[in-house]
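Observations on chain architecture
Each chain, letter by letter, is given below.
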Amino acid sequence: MTVAPDQTTDTDVLVTSDGSVGIVTINRPHRLNAVTPEAGDRLAAAFERLEADPQIRAVVLTGAGRGFCAGADISGDVGNARDVLINTWNPLVQKMIGLEIPIIAALNGVAAGAGASLALACDLRVAATSARIQLSFTKIGLLPDAGLTWLLPRIVGLGRANELALLARDLHAPEALDWGLVNRVCDDGAALDIAIAMGRDIAALAGSVAAVKMAHRRTFDSTLVDQLVFEADTQGWLQQQPDFAESTQAFGEKRPPVRADRVPGRYR
């Protein structure tokens with residue numbers, strides 16, 4: 001893996017790249033990558049910057065050390081929870097869900113509280129065997145936040161979302177795979193490499209992966225008729241794009257297609 005480090009001085013959020021795959025690392029291992037409001041703002045800025053880079057076609061999110069993200073950092077004076085959610089976590093989750101390019105979470109360890117929100121806001125999840133999803137909100141008199149009550153039922157269904165959140169239980173990687181909460185489970189230490197490999201697979205595909213992400217995102221708020229119209233309109237537009245012509249020509253010539261740089265904002 002060849003990684004070119006970013007020149008940023010914000011060391012709690014690292015932005016690197018592996019070819020067309022951007023890599024965002026929460027770099028606070030001494031706090032199991034618990035996120036301060038400032039780090040949350042830098043995460044959102046990192047995703048925005050990668051989205052604007054035409055050479056980046058997929059993003060991997062991971063944590064440094066032995067944890068993915070322990071949620072919000074409550075070691076200091078975090079202020080009013082409502083304000084922190086509205087000003088930091090909610091915009092961050094919205095940025096991730098609305099990002100034009102797919103995000104793959106490399107869960108190298110625990111994803112707890114709002115850290116689980118970050119994992120579920122990604123489009124795909126690779127989990128190390130020892131990784132776990134941890135929702136302890138009802139143990140401390142709170143409810144799942146940062147989008148969890150929206151994301152969790154959509155991914156695993158209402159019954160399993162209730163089991164996980166109401167019982168404040170941990171879900172270890174093998175069971176999370178059975179539930180469909182993660183897409184792959186791998187040996188400890190391999191999650192990042194596998195997630196980057198998935199990112200490379202996505203980067204080799206046509207730019208229409210962004211349209212797929214958009215279609216899936218809107219389906220829960222659309223009627224069948226609305227979605228059918230969206231599919232037809234978008235398919236007609238995609239058919240006129242260079243990616244389709246190049247893909248069909250490459251298929252006829254029995255060669256890999258040559259992908260042009262992504263055009264940011266094309267699939268909005």
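Residues numbered from 1 in each chain as written. Predicted model: local features only at pLDDT ≥ 70, side-chain atom pairs only at ≥ 80, totals over all residues. Heavy atoms only, no water.

An unreviewed UniProt entry lists the protein chain under the name Enoyl-CoA hydratase/isomerase family protein, with Mycobacterium pinniadriaticum as the source organism. Listed in UniProt under the heading Sequence similarities (unreviewed entry), the comment for the protein chain reads: "Belongs to the enoyl-CoA hydratase/isomerase family." (UniProt positions renumbered as here; feature names shortened; annotations may be inferred.)

The mixed open sheet is built from six strands, whose spatial order is S1-S2-S3-S4-S6-S9. Every other strand in the sheet has two partners, leaving strand S1 (13–18) and strand S9 (184–186) as the edge strands with one partner each. In this sheet, neighbouring strand axes are inclined to one another by 20° on average, regardless of whether the strands run parallel or antiparallel. Pairing of strand S3 (residues 58–63) with strand S4 (residues 103–107) involves four bridges; the strand directions are parallel. Within S4, the residue paired with Leu-61 across the bridge is Ala-105. (Pairing = 2+ DSSP bridges. Helix = DSSP H or I, 4+ residues; strand = E, 2+ residues; numbered from the N terminus. Axes fitted to C-alpha atoms, helices over the stretch in contact; angles between N-to-C directions.)

Time to look at the confidence of the model for the protein chain. On average, residues of the protein chain score 90 in pLDDT, and 94% of them are at 70 or above. With pLDDT under 50 throughout, residues 1–9 is counted as low confidence; its partners more than four residues away or in other chains account for 17 contacts. (pLDDT = per-residue confidence, 0-100. Contact = heavy atoms within 4.5 Å.)

Looking now at the sheet that holds strand S5 (residues 111–112). Spatial strand order, S5-S7-S8: three strands in an open sheet with mixed pairing. With one partner strand each, in any of the chains shown, S5 and strand S8 (170–172) form the two edges of the open sheet. Sheet analysis places S5 next to strand S7 (residues 132–134), joined by two bridges and oriented parallel. Residue pairing in the sheet places Ala-112 in a bridge with Gln-134 of S7.

The next thing to look at is the nonpolar core. Counting 55 residues, the largest nonpolar core has Leu-61, Leu-107 and Leu-118 as its most contacted members. If you tally residues by element for this core, the top one is helix H2 (residues 81–98), at seven residues. Excluding residues within four positions of it along the chain, Leu-107 makes contact with Phe-68, Ala-119, Arg-125, Val-126, Ala-127, Ala-128, Ala-131, Ile-133, Val-182 and Ala-191. Counting residues in each nonpolar core, the second largest holds 13 residues, with Val-21, Ile-23, Ile-104 and Ala-191 among its members. (Core = buried A, V, L, I, M, F, W, Y, C linked by side-chain atoms within 4.5 Å. Buried < 20%, exposed > 50% of the residue type's maximum accessible area, 1.4 Å probe, protein only.)

A pair of packed helices is captured by two measures, namely the crossing angle of their axes and the spacing between those axes. Where helix H4 (residues 148–156) contacts helix H5 (residues 158–166), the axes come no closer than 7 Å and their chain directions differ by 130°. What the angle tells us is that H4 and H5 run oblique. Viewed along their axes, H4 and H5 form a crossing whose handedness is right-handed. From H4, Leu-152, Pro-153 and Val-156 reach across to H5, where they touch Leu-158, Arg-160, Ala-161 and Leu-164. Looking at the contact of H4 with H5 residue by residue, the class counts come to six nonpolar, no polar and one charged. (Parallel < 35°, antiparallel > 145°, perpendicular 65-115°, else oblique. Left-handed = near helix turned anticlockwise from the far one by under 90°. Nonpolar A, V, L, I, M, F, W, Y, C, P; charged D, E, K, R; others polar.)

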